[in-house]
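Residue-level structure breakdown
Letter by letter, the chains look like this.
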Amino acid sequence: MIDRAAAVAAAQEALARRAAIVFVHLVGARGVETGEIGIRAIYEPGEGLSQAVATPGIDEALARLAAETLASGHPRAVNLDAAGQPVSRRARVYARFLLDPIMATPRLLIVGAGHIAVPLAQLASVLQFETIVVDEREDFANRERFPTADEVHARPFEEFLDEFEVDERTHVVLVTRAHRFDELALRRLLGSPAPYIGMIGSRRRVHIVYGTLLAEGYGPEQFEKVYAPIGLDIGARTPAEIAIAIAAEMVDLRRQGKGRRLSLREFRPGAGNGR
């Protein structure tokens, strides 16, 4: 059993380091020795359950289900028998658990502060992303242009990206003014845990950037999380429309949608333009 103060402290500590955890609540039980109702354990990727909850079968199932809960981002209730198998609430023997994920706010790092970045930052705020904008040009990267952004940095891309910590909840959009900046950024992002790295540009520009990096020794599998050309295929033309297409692609990826993507399939193994 984990008391409320310890649970609050664990949640605060996890959020401070942008880690994701799952509280495992015991809601009720019939015929299974589980102890008191309440928070029985905390699950963290790489660490597993913080303590035993019930039977070995139940604990194994809870760890697996907690990992699935983090992937979906939504709480879920499960009924398990003593062996950890899912059962209905009409079963004679079962334990009922609520798996409650605690996750840091998703972030969007916009690299480049041009015309597309402005409406994209506005949309990201509406979608409740913590939004960060960086550009080398002070007349572009400033509060007047990005009033809804959480952070705006007028710094060299290379310097900023060398210091910025990208995690599993950080989406990145590259909307720079030249492919040499895209190459610079990708060299620092390809090995990161970012779930989404979108890059603006024509198919020709994307081929040039990919070709350069592949010639440097990067493998095709490292481009698995890169989406370029960026966005869903909605026929976007204006900066605002392109921003909508980018935002839609991030939502599509997050919610496992079926939108048709513009991204080149040959550089992302197993992926296509649509699903």
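Keep in mind that what you see is a predicted model, and the values were worked out from it rather than measured. (Residues numbered from 1 in each chain as written. Predicted model: local features only at pLDDT ≥ 70, side-chain atom pairs only at ≥ 80, totals over all residues. Heavy atoms only, no water.)

Some words on unusual backbone geometry
Residue proline 229 follows alanine 228 across a cis peptide bond; omega there is -10 degrees. Position of proline 229 relative to the elements: it lies in the loop between strand 11 (226-227) and helix 7 (239-254). Backbone geometry places arginine 18, a non-glycine residue, at a positive phi of 60 degrees. By secondary structure assignment, the location of arginine 18 is in the loop between helix 1 (4-16) and strand 1 (21-30). Its identity is not glycine, yet glutamine 128 carries a phi of approximately 65 degrees, on the positive side. (Helix = DSSP H or I, 4+ residues; strand = E, 2+ residues; numbered from the N terminus.)

Quick look at the packing of aromatic side chains
A complete count under the given rule lists four aromatic pairs for this structure. Considering the side-chain rings of phenylalanine 160 and phenylalanine 164, the 5.3 Å spacing of their centres and the 20 degrees angle between planes classify their relative orientation as stacked. The class of phenylalanine 160 is buried, set by a relative accessible area of 4%. Both rings, one in tyrosine 196 and one in tyrosine 227, keep their centres 5.1 Å apart while their planes meet at 20 degrees; by these two values the pair is stacked. Of this pair, tyrosine 196 sits in strand 10 (residues 196-199) while tyrosine 227 sits in strand 11; the two residues are 31 residues apart in sequence, bridging distant segments of the chain. Each member of the pair, tyrosine 196 as well as tyrosine 227, carries the same accessibility label: buried. The ring of phenylalanine 140 has arginine 137 lying over it, and the distance from NZ or CZ to the ring centre is 3.8 Å. One cation-aromatic arrangement involves arginine 254 over phenylalanine 129; the distance from NZ or CZ to the ring centre is 5.7 Å. (Phe/Tyr/Trp six-rings, centres within 6.5 Å; stacked < 30°, edge-to-face > 60°. Buried < 20%, exposed > 50% of the residue type's maximum accessible area, 1.4 Å probe, protein only. Lys NZ or Arg CZ within 6 Å of the ring centre and 35° of its normal.)

Quick word on helix 6 (residues 203-215)
Helix length check: helix 6, at 13 residues, gives a terminal C-alpha distance of 18 Å against a target of 18 Å (1.5 Å per residue), a fit within 8%. By the burial criterion, the buried members of helix 6 are Arg205, Val206, Val209, Tyr210 and Leu213. Burial along helix 6 is one-sided: seen end-on, the buried residues are contained in an arc of 125 degrees. In helix 6, the exposed residues that point more than 90 degrees away from the buried face are Arg204 and Ala215. Buried residues in helix 6 make contact with helix 5 (179-189), strand 10 and strand 11. Count one or two residues on from helix 6 and you reach glycine 217, which has phi positive near 110 degrees. (Expected span 1.5 Å × (residues − 1). Arc of directions from axis to C-beta. Contact = heavy atoms within 4.5 Å.)

Considerations on the confidence of the model for the chain
Residues of the chain with pLDDT of at least 70 account for 96%, and the chain-wide mean is 91. At the low end of the mean pLDDT range in the chain sits helix 6, at 88; at the high end sits strand 8 (residues 151-154), at 98. Considering only residues more than four positions removed or in separate chains, one finds that residues 269-275, a stretch of pLDDT under 50, has 21 contacts. (pLDDT = per-residue confidence, 0-100.)

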